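Observations on the model geometry
What follows is the residue order along each chain.
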Amino acid sequence: MTRSDPPPASEETPEESDAPPGLDLLIDSAALAARVRRLALELTEAYEGRRPVLVSVLKGATLFLADLVRRMDIECEVDFMSISSFGSGGASGIVRIEQDLSGNIEGRHVVVVEDIVDTGLTLQYLLRVLAARHPASLEVCALFDKDVRRIVDLDIAFRGFSIPDRFVIGYGLDHDELYRNLDALYAVTDIEALVQEPARHVPSFFPAAGSGR
Ligand code: 5GP
């Protein structure tokens, strides 16, 4: 399938002053919303009359999925899987299914909705598992693509943004389960500092954090 090329996430704009210290604002909420709308339109056109099943991988892709389906103008279903990766940063490509789909996808048109594709190993494994269940078709819709890091060949039919090789948080993506609820995508400038202190950026985003606990 031929789709519109994704825009690269700019390293210059929007203004970096919008980001708290230690973070660069890579993609603001307006740009995210515009791109998600565009992807929803592409899916609507591609799957009209086919009632696709959108398979989302917990937990990171849930915000993207929720925004995406609300912009789709066709019948569609959603289903969820939960997986865990082994090896450093999932680099082994060995993945275990923690929670499987609730429905049977045999003969169905399946779209895997992913938040971010990095090396591609996780997605490659997932696609193999799903393909073995004999869907009528199987495509990928990924919002963020760190394509410079790819080590396996993958066909991503619906791509949101090509992003640089930086650790990112926000819009579903976490560090140590924090920051998923940010409405924009931020790149972490000092990952070591964040590893030492996972909540270091919490006060910048949520000044009242801690007062209610
Ligand atoms: P892959 O198997 O493609 O190397 O890894 C994909 C998984 O790694 C993603 O689903 C995500 O969980 C995690 N990941 C990769 N890059 C990032 C990143 O920059 N930020 C966050 N929060 N997770 C990432």
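Residues numbered from 1 in each chain as written. Predicted model: local features only at pLDDT ≥ 70, side-chain atom pairs only at ≥ 80, totals over all residues. Heavy atoms only, no water.

Moving on, we come to the sheet that holds strand β5 (residues 109–117). Reading across the sheet, the 6 strands line up as β4-β3-β2-β5-β6-β7 and stay open at both edges, with mixed pairing between neighbours. The strands lining the two open edges of the sheet, one partner per strand, are β4 (95–99) and β7 (158–162). Across the sheet, the mean angle separating the axes of adjacent strands is 30 degrees when strand polarity is ignored. Where strand β3 (residues 77–85) lies against β4, 4 bridges are found, and the strand directions are antiparallel. Following the sheet pairing, Ser85 is matched in β4 by Val95. Seen against the sheet, helix α1 (residues 29–47) touches β5, β6 (137–145) and β7 and runs at an angle of roughly 160 degrees to β7. The strands touched by helix α3 (residues 121–131) within the sheet are β2 (53–58), β3, β4, β5 and β6, with β5 carrying the most contacts at an inclination of about 165 degrees. (Pairing = 2+ DSSP bridges. Helix = DSSP H or I, 4+ residues; strand = E, 2+ residues; numbered from the N terminus. Axes fitted to C-alpha atoms, helices over the stretch in contact; angles between N-to-C directions. Contact = heavy atoms within 4.5 Å.)

Now for the site of the ligand. The environment of the ligand is made up of 14 residues, and the closest members are Thr119, Gly120, Thr122, Val168 and Asp174. One of the backbone N or O atoms of Asp118 is found 2.9 Å from an oxygen atom in the ligand. Interatomic distance of 2.4 Å between a side-chain N/O atom of Thr122 and an oxygen atom of the ligand. Coverage of the ligand by the protein chains reaches 81% of its 510 Å² of free accessible surface. For the shell around the ligand, the elements supplying multiple residues, two or more each, are β5 and α3. For the shell around the ligand, the element with the most residues is β5, which contributes 3 residues. (Near = heavy atom within 4 Å. Polar contact = N/O pair within 3.5 Å; in protein donor to acceptor, adjacent residues only side chain to side chain. Areas by Shrake-Rupley, 256 points an atom, 1.4 Å probe, with all protein chains shown as cover.)

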